[in-house]
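# Observations on chain architecture
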Amino acid sequence: MTARPNFIFILADDLGYADLGCAGARDADNRPANVSPRLDRMAAEGVRFTHGYSNSAVCSPTRFALITGRWQYRLRGAAEEPIANAHGDKVLGIPPSHPTLPSLLAGAGYRTALVGKWHLGYPPHFGPRLSGYQEFFGFHAGGADYFAHTGPRGGKDLWENETAVEVPGYLTDLLSQRAVDFIERQDGDAPFLLSLHYSAPHWPWLTRDDESESARTANNGVHTDGGSIATYHRMIHHMDEGIGWVLDALARKGLDHNTLVVFTSDNGGERFSNNWPFSGQKMDLLEGGIRVPVIARWPAQLAQGQVSTMPNLTMDWTATMLAAAGVPTPDSHPLDGVDLRPGLQDPAWERPGTMAWRMKHRSQRALVHEGWKYLQVDGIDYLFDLNADARERANVARRYPERLADLRARWEAWNAQLPPIPEEAQTRLPYTKQDIPH
């Protein structure tokens, strides 16, 4: 009998589609940038997906989809764009009673750990260890200072399970080191799930050398008056180096052959990111807000050096991991994500089901079907042929009215199966026109 696979799911925060070397990263002078040698090597040893999509254009809704394997819109907390620092709120979070990827795997004998960002509701009503993770080291908020370890509005936010801790150091490195520690403690007698959810390269814009800048900005909220492309790239490189430590630890333990490692981002990039060739960024349902880098490595199952055009959503990886582990989901909470394993073996396989999005911000809606995209922003309908115009600059809605009507009807049918967006749901933009020109 084949041993059950291990899983490592690595989630970057606000990383743009072309922010990795293997996807075309460029420096401020438009020269190739060597920012991610270990992730580039991981892509060469596995599969890089050119049509990977996040479940949302903003962070916490995507995380709801990832942990449940279901459309985030089914849960009230995911209607927030994103969840605010609502300490003590009893509604805005993932209900502990809801089946999750870690709870289902833990129930099947897996060891489970979350290292890094949670952002799915605050204690005491919500938390990683209430939703299936046996171990937690990280922070609860949507962002954290890399040295002070405070949340966006101040206040310490670094935790070991349910205990606040003071651990000096650069946050990206602390998360990488803790992930290595988890792997080093695995003895091979039980499979594991390690969720490694970095804050990088989310603001504040701080490298290992910027502790003095942290002292200036740690309690100021959004870091609007700092950063640069060079700083941003250095932050990615620090994360990439830590991912290398994790992959090296996996190899030292002899566990790399039957471990599926997936790397992606929770949404498209913003501020200093490179989303080329796409338009839009975080908070937009244009491709730049939802098309994200995706890399998968699984030596036991995946051939090396593949570049796949198979469309996939964040929640599909949840379904894929559960299926690979042979773990069923309860009838009360059927998955919306799709098991991608057939497509990992057969390039001609087509993902079944719908790929669609909606946001309260600017009343956005989107659906991608067979290379065509229906988009609505501020009540205006658009139609794009992504195969010919991935940048979404040629609106062909008037040219192909029947196709527009078909895709719009598909979106309406999909939306009708989901709860409506609550009136009280909030959209929170990190920047105003006073910070950055729009």
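Provided above is the structure to which this section pertains.
Residues numbered from 1 in each chain as written. Predicted model: local features only at pLDDT ≥ 70, side-chain atom pairs only at ≥ 80, totals over all residues. Heavy atoms only, no water.

### Comments concerning the sheet that holds strand β5 (residues 135-139)
Here is the rule: Two strands form a pair only when DSSP identifies at least two bridges running between them. What counts as a helix is a DSSP run of H or I of at least four residues, what counts as a strand is a run of E of at least two, and both are numbered from the N terminus. In this description, contact between two residues means that some pair of their heavy atoms is separated by no more than 4.5 Å. The convention used is that axes are lines fitted to C-alpha atoms, helices contributing only their stretch in contact, and that angles between N-to-C directions extend from 0 to 180 degrees.
Strand order across the open sheet formed by ten strands is β7-β6-β5-β4-β8-β1-β9-β10-β2-β11, with mixed pairing between neighbours. Only two strands of the sheet have a single partner each, and these edge strands are β7 (163-164) and β11 (306-308). For strand β1 (residues 6-12) and strand β9 (residues 259-265), the ladder comprises seven bridges, and the chain directions are parallel. Bridge pairing in β9 links phenylalanine 9 to valine 262. Helix α4 (residues 171-184) contacts β1, β4 (111-117), β5, β6 (159-160) and β8 (192-197) of the sheet and is inclined by roughly 175° relative to β8. Of the strands in this sheet, β1, β2 (47-49), β9 and β10 (294-297) touch helix α8 (residues 314-325), which is tilted by about 170° from β1.

### Comments concerning the nonpolar core
The criterion, for reference: Joining through side-chain atoms within 4.5 Å is the link that ties buried Ala, Val, Leu, Ile, Met, Phe, Trp, Tyr and Cys residues into a set, and such a set is a nonpolar core. Partly exposed residues are those whose accessible area sits between 20% and 50% of the maximum for their type, while under 20% is buried and over 50% is exposed, using a 1.4 Å probe and protein chains only.
Judged by nonpolar contacts, the single largest core of 51 residues is most densely connected at Ile8, Leu194 and Phe263. Top element by residues in this core is helix α6 (residues 229-252). It accounts for nine residues. When residues no more than four places from it in sequence are discounted, the contact partners of isoleucine 8 are Ile183, Phe192, Leu194, Val246, Leu250, Thr259, Leu260, Val261 and Val262. Core analysis: the second largest hydrophobic core is formed by 39 residues, Leu75, Ile94, Trp159 and Val294 among them.

### Describing the pairing of β5
On a regular strand, each side chain points to the face opposite its neighbour's, so the side chains alternate between the two faces of the sheet. The element β5 is largely enclosed, with a buried count of four among its five residues. In the sheet, β4 pairs with β5 via five bridges, with the strands oriented parallel. From the neighbouring strand, leucine 114 faces β5, where its bridge partner is phenylalanine 136. With two bridges joining them, β5 and β6 adopt antiparallel strand pairing. Counted as the bridge partner of glycine 138 is tryptophan 159 from β6.

### Quick notes on the pattern of salt bridges
The cut-off we apply is this: Salt bridge criterion: a side-chain nitrogen from Lys or Arg within 4 Å of a carboxyl oxygen from Asp or Glu.
Throughout the structure, instances matching the rule amount to 35 salt bridges. Its salt-bridge partner being arginine 208, residue glutamate 241 comes within 2.8 Å of it at the nearest N-O pair. Taken together, the residues span a long stretch of sequence, with glutamate 241 in helix α6 and arginine 208 in the loop between β8 and α5 (211-217) at a distance of 33 residues. Looking at glutamate 241, the relative accessible area reads 30%, which means it is partly exposed. Each of Asp13, Arg63, Lys117 and Asp266 takes part in one network of salt bridges that share partners.

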